[in-house]
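Each chain, written out:
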Amino acid sequence: MNKYNWGIIGAGNIARQFAEDFKFLSQASLKAVASRSADRASSFAKKFDIPVWYDSWDGMAGDPDVDIVYVATHHPFHFENTRSCLEAGKAVLCEKPFTMNKRELDILVRIAREKKVFLMEAIWTRFLPSTKKVLEFKESGELGKLLNIYADFGFRIEFDPKHRLYDPAIGGGALLDIGIYPVFLSLLMAGPPAKFHATARFVSTGVDHSCNMIFEHADEVVSSLDCTVMAKSPTEANLLFEKGWIRMESMWLTPGPITIHRIGQKPKRVKFREPGNGYHYEAAEVMRCLDQGLAESPSLPLDFSLNLMEILDAVRDRCGIRYVQDDT
Ligand SMILES: NC(=O)c1ccc[n+]([C@@H]2O[C@H](COP(=O)([O-])OP(=O)(O)OC[C@H]3O[C@@H](n4cnc5c(N)ncnc54)[C@H](OP(=O)(O)O)[C@@H]3O)[C@@H](O)[C@H]2O)c1
C-alpha cells in the first residue's frame, strides 16, 4: 500500500467531517487545505494538524506535495476546482453533485480520461457496508426479483434566502443536494429509468424545496423517490422483492443497520461495525484504486456519475429547476 498526501478545497461542514475520519486511514496524510478565507484555512489546518494552508482555492492545484484533492466547496464551484486539479495531474474526489449539469461533467470526464488521472464523485453511501450488503442481496436473487424501490431524504431548514440550500447562486435546491441520494440508490439497484414522472415545488428564490419522482426501469421495476428541505421525512429506503423486503433504516444514506424481511420468517436486523462518520470508506476506495493503477473506481465509475447527472438534468428539465450554469 502506497502513502498518499491529501489536500482539501473548501473548509466547511463536510470538509470537517471528512477530515475527522482521517484517523482511520493509515495510508493517508492531510497535507494542505485551501479556503477563500485565511482565518478559516489556518484554523482548519490547526484543528487537523495540517502543515500547509492556502487563502485561495487556486493554491491547491500548484502544490507539488499533494497527490489527491478532495473538493468540498458548494456545487457551482466543483467544476472549476476539479478542473484545475485534474489539469495539474492530481487525483480528485469531488463532492456530490459532481457538477451543476452534464455539460460540465462531460468536460471533467474528458480531461480525466485524456490525462489518465483518477476522478470520482464523493457519493460516500456507495461505499458504506449497508449499501454493499443490500446490493449483494439484490444480486444474489435470494429474495426473488426486485419489484419496487421506495427511498426518501428530508429535513427541515427554515426558509432563509441566504442559506446555501435556498440560494440559487450557491447551488440551492433539494434535488441536487439531497434528492441525488434516492436517485443514486435507484440507479445502483435498478439502472436508469426508461420513463419517469416528476414534480417539484419552489420557494421564492426560485429553487426547489421538494421534488417527487417515479421512475419506471427495465424489467418493470418502479422507484418512488422523494426529497424535501421543508419537513423531516422518514429518510428510509425499502426495497421490495417477490419474497420479502429489505429496509435500510432511517438516515439510510449514512452508516446504519438494515433489516431483511423474508416472508414467513422473523426479520433479521444486520448491524455493521462502523467507526467514525463513514467518510473513510470512500477515501480508502480512492487509494485502493490508485494502488492498483486505476483511473476510475470499478464500484463508482465515471459512466455511473454521467448517468446520474443525465437523470438529474432530465428531472430538472421536466420540473423547471434551472441554474445559470444551464444557460452558458
Ligand atoms: N457527502 C455528504 O454527506 C455531504 C454532506 C453535506 C454536504 N455535502 C456537499 O458538500 C458540499 C459543501 O457542503 P457543506 O455543507 O460543507 O457547505 P458549507 O459548510 O456551507 O460550505 C462549504 C464551503 O463552501 C464555501 N462557501 C461557503 N459559502 C460560500 C459562498 N457564499 N460562496 C462561495 N463559496 C462559499 C466555503 O469555502 P471556503 O472555506 O473556501 O470559504 C465553505 O467552506 C456541497 O456540494 C454539498 O452537496 C456532502
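For the structure itself, look to the data block above.
First, a word on scope: everything that follows refers to the structure included in this document. Since the model is a prediction, treat every value here as computed from it, not as a measurement. (Residues numbered from 1 in each chain as written. Predicted model: local features only at pLDDT ≥ 70, side-chain atom pairs only at ≥ 80, totals over all residues. Heavy atoms only, no water.)

A word on the site of the ligand. Taken together, 23 residues surround the ligand, and among them S35, R36, R40, W57 and Y279 come closest. Contacts to the ligand include G12, whose backbone N or O atom sits 2.9 Å from an oxygen atom. Note that an oxygen atom of the ligand is positioned 2.6 Å from one of the side-chain N or O atoms of W57. Starting from 900 Å² of accessible surface for the ligand in isolation, the protein chains cover 83%. Those elements that provide at least two residues to the shell around the ligand are α1 (13–20), α3 (75–87) and α6 (174–190). Among the elements that make up the shell around the ligand, the one with the highest residue count is α3 (three residues). Taken together, the residues of the shell around the ligand break down into nine nonpolar, eight polar and six charged. (Near = heavy atom within 4 Å. Polar contact = N/O pair within 3.5 Å; in protein donor to acceptor, adjacent residues only side chain to side chain. Areas by Shrake-Rupley, 256 points an atom, 1.4 Å probe, with all protein chains shown as cover. Helix = DSSP H or I, 4+ residues; strand = E, 2+ residues; numbered from the N terminus. Nonpolar A, V, L, I, M, F, W, Y, C, P; charged D, E, K, R; others polar.)

Attention now moves to the sheet that holds strand β4 (residues 68–71). Hydrogen bonds along the backbone pair up the strands of a sheet, which may run parallel or antiparallel. Ordered by their spatial adjacency, six strands build an open sheet running β3-β2-β1-β4-β5-β6, and the pairing between neighbours is parallel. Of all strands in the sheet, those with a lone pairing partner are β3 (52–54) and β6 (119–122), marking the two edges. When strand polarity is set aside, the average angle formed by the axes of neighbouring strands in this sheet is 25°. Here strand β2 (residues 28–34) pairs with β3 via three bridges, running parallel. Within β3, the position partnered with A32 by the bridge is V52. Packing of helix α2 (residues 38–47) onto the sheet brings it into contact with β1 (4–9), β2 and β3, and relative to β3 it is tilted by some 160°. (Pairing = 2+ DSSP bridges. Axes fitted to C-alpha atoms, helices over the stretch in contact; angles between N-to-C directions. Contact = heavy atoms within 4.5 Å.)

Among soluble globular proteins, nonpolar side chains are generally buried collectively. Grouped together as the largest cluster of nonpolar side chains are 114 residues, with contacts concentrated most on W6 and L185. With 13 residues, the single largest contributor to this core is α6. Residues from two domains meet in this core; each of domain 1 (4–125) and domain 2 (129–273 + 309–327) gives at least three. (Core = buried A, V, L, I, M, F, W, Y, C linked by side-chain atoms within 4.5 Å. Buried < 20%, exposed > 50% of the residue type's maximum accessible area, 1.4 Å probe, protein only. Domains from an automatic or database assignment.)

Along any regular strand, the residues point their side chains to alternate faces of the sheet. Taken together, the four bridges between strand β5 (residues 91–95) and β6 define a ladder with parallel strand orientation. Residue pairing across strands places C94 opposite E121, the latter belonging to β6. For the segment spanning β5, helix α4 (residues 102–115) and β6, crossover handedness is right-handed. (Right-handed = clockwise from strand over helix to strand, strands pointing away.)

With that out of the way, let us pick up α1. Residue pairs spaced three or four apart in an α-helix point in one direction, given the helix's 3.6 residues per turn. Taken as a whole, α1 has its buried residues at I14, A15, F18 and A19. Down the axis of α1, the smallest arc covering the buried residues is 135°, so these residues share one side. Contact partners of the buried residues in α1: β1, β2, α2, β4, β5 and α7 (280–291). (Arc of directions from axis to C-beta.)

It is worth spelling out the sheet that holds strand β11 (residues 237–241) at this point. Strands sit in the order β8-β9-β10-β7-β11-β12-β13-β14 across an open sheet of eight strands; the sheet is mixed. In this open sheet, the two strands that pair with only one neighbour each are β8 (195–202) and β14 (268–270). The sheet shows a mean angle of 10° between the axes of neighbouring strands, taken without regard to direction. Where β8 meets strand β9 (residues 208–216), eight bridges bridge the pair, whose relative direction is antiparallel. Note on β9: the bridge partner recorded for H197 is I214. Taken strand by strand, α6 contacts β7 (146–154), β9, β10 (222–228), β11 and β12 (244–248), and its axis lies near 160° from that of β7.

This paragraph deals with the pairing of β7. Here β7 pairs with β11 via five bridges, running antiparallel. Its bridge partner being in β11, A151 is matched across the sheet by A237. As paired strands, β7 and β10 are joined by seven bridges and run parallel to one another. By the bridge assignment, G154 is partnered in β10 with T228.

Bringing the side chain of E249 into the picture now. Among the secondary structure elements, E249 is positioned in the loop between β12 and β13 (258–262). You can call E249 buried: its relative accessible area is 14%. Sequence-distant contacts of E249, that is, excluding residues within four places in its chain, are made with T235, E236, P257, I258, T259 and R269.

Quick look at the packing of α3 against α4 now. Contact geometry of α3 with α4 gives a least axis separation of 10 Å together with a crossing angle of 10°. In terms of orientation, α3 and α4 fall into the roughly parallel class. Touching F79, T82, R83, L86 and E87 of α3 are E104, I107, L108, I111, A112 and K115, all from α4. Within the contact of α3 with α4, the residues separate by chemical class into six nonpolar, one polar and four charged. (Parallel < 35°, antiparallel > 145°, perpendicular 65-115°, else oblique.)

Counting through the fold element by element, S26 comes out in the loop between α1 and β2. If we skip the residues at most four places from it in the chain, S26 touches M1 and K3.

What follows concerns unusual backbone geometry. Trans peptide bonds make up the majority, and among non-glycine residues the majority have a negative phi. A cis amide bond, omega -15°, links K96 with the succeeding residue P97. Summarising the element assignment, P97 is placed in the loop between β5 and α4. Despite not being glycine, T235 shows a phi value in the positive range, around 50°. In this model, M251 sits at a positive phi of 65°, which is unusual for a non-glycine residue. Structurally, the position occupied by M251 is in the loop between β12 and β13.

These figures come from the coordinates and say nothing about function on their own.
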